[in-house]
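# Observations on the model geometry
Okay, here's what each chain looks like letter by letter:
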Amino acid sequence: MVRLTLLCSAAVLLALFGLGPARAQDRLPEVTDSDRALLKTLKPNHPRLICGPAELARIKRLVTTDPLAASWRDALRSHAIRLLKLPPVEHVLIGPRLLDKSRTALDRITMLALIYRLEGDRRFAERARDEMLAVCAFADWNPSHFLDVAEMTTAVALGYDWLYDFLTPAERTTIKTGLVSLGLHAGRDAYRKGPSWVRATHNWNQVCNGGLLVGALAVADEEPDLAAYILSMARAHLPLALASYAPDGGWVEGPGYWGYATMYTVLALSALDTALGTDFGLSTMQGMAETGEFRMHFVGPNGRTFNFADGGEREGSAPWLFWLARRYKRPDYAALERDTAGKNGTPFDLIYYLPTGQADVTAKAPLDASYRAIQVVYMRSAWQDPNALFVGFKGGDNRANHAHHDLGSFVLDAMGERWASDLGGDNYNLPGYFGKERWSYFRLVTEGHNALLINGKDQAPRAKASIRLFGAGSASPFAIADLTEGYAPEARSAQRGIRLVDRKAVLIQDEVETTSPAAVTWNLITSAGVTLEGDTAHLSQHGKTMDIRVLSPRGARFESLTATPPPPQNPNKGYTRLVLHLPADVSKATVAIAFLPTGAPLPPSMARVQPLRSWKP
């Protein structure tokens, strides 16, 4: 394969060989002795990041003794062979982002480099080298959207480190120059300017600081002052985001961004540990040890998540669970990931793989869980039963990063199907998706969620809602959320309670008191077919049926509406918006709805609607 060469401008050549005066913007901020001391335990040789010689030897043993590890190795090799025929990524933005290309480069480089190191086939190393040379010839890695820089820095750093002995001196120089100039210098400049991600408490912090940290450790022996500065800054700011796991491991950005944030948390911490022998105590922060439990609980029995915020409902693999399992001695985390990944393990599944822990370990977990900081609860009838009853229910904070106006929303699974759905996020390239147009999009506003509407209005954008009471562990667990802030000033009080009655049926009960007579609407998004009959909506999908019955108030009526908003929004094909209209404007109302498998009798405890104040743990 023809080797790519770095296209160097005169300015780059001058800087590379030390010719001409250094510009002020190229100089490092002052690097202190304490910064340099962070690198005193640096392993001098490559590879030293995440998959060093000891880790590689461990993987080689595993693929000869463990059938699952061997199957992942075989699948990765097959994928790597297909990559040989594909051209390297190009500098093409999608909207304002290069992120798709950064992630493609990361996937390709890590897969190709790992398979080369396991099997010694030079074709894979050559193809990974070509990917690195291509991206290092880019004019930039799109620092205006810094996630792009961070992920590309991670990709090139791991490839440079893992393939160091394979690369020629000239190739090392070219790749290292790209990594430093396009990645670490962009990070240095960003730290000087202090963009929001530096001190963010959400995923941008872990991805950007973590990616730069991995890049710095890859070249720390060759660029010690630059690496010390980056490491010092990343180490100082990562705890701001890691604190968001406290107190119990929940993640306010939802399951999708839990995976993204935790990925770069683990990459950063494991890179520190393998390169320096320490993570400086970052892994001891509150909530880190428990965050694998959050992953366990937010996935329903049919493999769909309670995908609040901008997330999809399919769970996907999370190889970071293996690292968490080893670090915190949690074999249940490892069992969970082995079961989830199945035959589709990623390179990092193989790198972090832990064979301990049996599938039945997760069956010992509590059926109900509450995450206090993010105000989300999960309740289910059983573990390891694809037909189990499952409810995810949230209060939350409408101001959280990636949040929707969905206080009080829920999802509901039963009989192997999802009956109440969260549509997740829409296309990030919609005009103003993260700006002034955000609250004009159906998937993000209250109307697009399983939530109440008062006078048809969207919830207050700065509102919070707490789970004020959680009754876990009984035959009929429940949670009650105080949603009042979300409906001010129309509501004096708005409460929603959800109960799993005998863990066989679900009761959704809302109690609303308004400041003046108002139209109250109960809203549901479902992928099921809908047939209306009096005070009952019959749902059906894949030969299974569920009834939604109105217990209160009398005279309320269901209506089946389209869930398709105007283009260019997602048309939400296959989804219906089911709404319940109260018979008249009200100042005070109790809306009680029962979800029952068709033909199942109404449990006696549902026969008479009891006020939420009578619900007791």
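These figures come from a predicted structure and were not determined experimentally.

Cut-offs used in this document
- Residues numbered from 1 in each chain as written.
- Predicted model: local features only at pLDDT ≥ 70, side-chain atom pairs only at ≥ 80, totals over all residues.
- Heavy atoms only, no water.
- Pairing = 2+ DSSP bridges.
- Helix = DSSP H or I, 4+ residues; strand = E, 2+ residues; numbered from the N terminus.
- Salt bridge = Lys/Arg side-chain N within 4 Å of Asp/Glu carboxyl O.
- Buried < 20%, exposed > 50% of the residue type's maximum accessible area, 1.4 Å probe, protein only.
- Expected span 1.5 Å × (residues − 1).
- Polar contact = N/O pair within 3.5 Å; in protein donor to acceptor, adjacent residues only side chain to side chain.
- Contact = heavy atoms within 4.5 Å.
- Axes fitted to C-alpha atoms, helices over the stretch in contact; angles between N-to-C directions.
- Phe/Tyr/Trp six-rings, centres within 6.5 Å; stacked < 30°, edge-to-face > 60°.
- Lys NZ or Arg CZ within 6 Å of the ring centre and 35° of its normal.

Bringing the sheet that holds strand S14 (residues 536-541) into the picture now. Taking strand neighbours across the sheet as the criterion, the 9 strands line up as S4-S8-S9-S10-S11-S18-S15-S14-S13 in an open arrangement whose pairing is antiparallel. A single partner strand is all that each edge strand has here, and the edge strands are strand S4 (396-397) and strand S13 (529-533). Pairing of strand S11 (residues 505-518) with strand S18 (residues 586-597), which is carried by 9 bridges, proceeds in the antiparallel orientation. Its bridge partner lying in S18, glutamate 511 is registered against threonine 590.

Attention now moves to the pattern of salt bridges. For the structure on display, the rule yields 33 salt bridges. Aspartate 121 is paired through a salt bridge with arginine 123; the nearest N and O atoms lie 2.9 Å apart. The exposure class assigned to aspartate 121 is partly exposed, which follows from its relative accessible area of 24%. By relative accessible area, which is 41% here, arginine 123 ends up partly exposed. For glutamate 171, the salt bridge is made with arginine 129, and the minimal N-O distance between the two is 3.6 Å. Taken together, the residues span a long stretch of sequence, with glutamate 171 in helix H8 (residues 169-193) and arginine 129 in helix H6 (residues 122-136) at a distance of 42 residues. Of the two residues, glutamate 171 and arginine 129, both sit in the buried class. A single network of salt bridges, built from pairs that share partners, joins Arg73, Asp74, Arg77 and Glu119.

Glancing now at H6. Helix length check: H6, at 15 residues, gives a terminal C-alpha distance of 21 Å against a target of 21 Å (1.5 Å per residue), a fit within 8%. Judged by how many residues are buried, H6 sits mostly within the fold: 12 of 15 residues are covered. For H6, the full list of buried residues reads Phe124, Ala125, Arg127, Ala128, Arg129, Asp130, Glu131, Met132, Leu133, Ala134, Val135 and Cys136.

The next subject is the pairing of S18. Of the strand pairs in this sheet, strand S15 (residues 544-552) and S18 are connected by 6 bridges, and their pairing is antiparallel. In the sheet register, isoleucine 548 faces S18, and the bridge partner there is phenylalanine 595.

Here the focus is the side chain of serine 476. As for its position among the elements, serine 476 is in the loop between strand S8 (464-471) and strand S9 (478-482). A polar side-chain atom of serine 476 sits 2.8 Å from the main-chain amide nitrogen of aspartate 502. Beyond its immediate sequence surroundings of up to four residues, serine 476 is in contact with Arg499, Leu500, Val501 and Asp502.

With that settled, the discussion passes to the sheet that holds strand S2 (residues 376-380). The strand order across the open sheet built from 5 strands is S1-S2-S3-S5-S6, with neighbouring strands paired in antiparallel fashion. Each of the sheet's edge strands pairs with one partner strand only, and the pair in question is strand S1 (368-371) and strand S6 (417-420). With strand direction ignored, the average angle separating the axes of adjacent strands in the sheet is 15°. Where strand S3 (residues 390-394) and strand S5 (residues 410-414) come together, 4 bridges link them in antiparallel fashion. For phenylalanine 390, the partnering residue across the bridge sits in S5 and is aspartate 413.

Turning our eyes to something else, we now look at the packing of aromatic side chains. This model, assessed by the stated rule, comprises 31 aromatic pairs. With centroids separated by 6.2 Å and ring planes inclined at 65°, the aromatic side chains of tyrosine 257 and tyrosine 260 adopt a geometry described as edge-to-face. Separated by 3 residues within a single helix, tyrosine 257 and tyrosine 260 lie in helix H11 (residues 254-276), roughly one turn from each other. Both residues of the pair, tyrosine 257 and tyrosine 260, count as buried. For the pair phenylalanine 410 and phenylalanine 595, a centre-to-centre distance of 6.3 Å together with 85° between the ring planes defines the contact as edge-to-face. With phenylalanine 410 in strand S5 and phenylalanine 595 in strand S18, this residue pair connects regions lying 185 residues apart in the sequence. On the basis of relative accessibility, which here comes to 0%, the residue phenylalanine 410 falls in the buried class. The exposure class of phenylalanine 595 is buried, given its relative accessible area of 2%. Grouping aromatic residues by their ring pairs yields a cluster made of Trp258, Phe294, Phe298, Phe306, Phe308, Tyr371, Tyr378 and Phe390. The ring of phenylalanine 124 has arginine 123 sitting right over it, with the charged end atom 5.3 Å from the ring centre.

Limitation: the analysis is restricted to geometry and does not speak to function.
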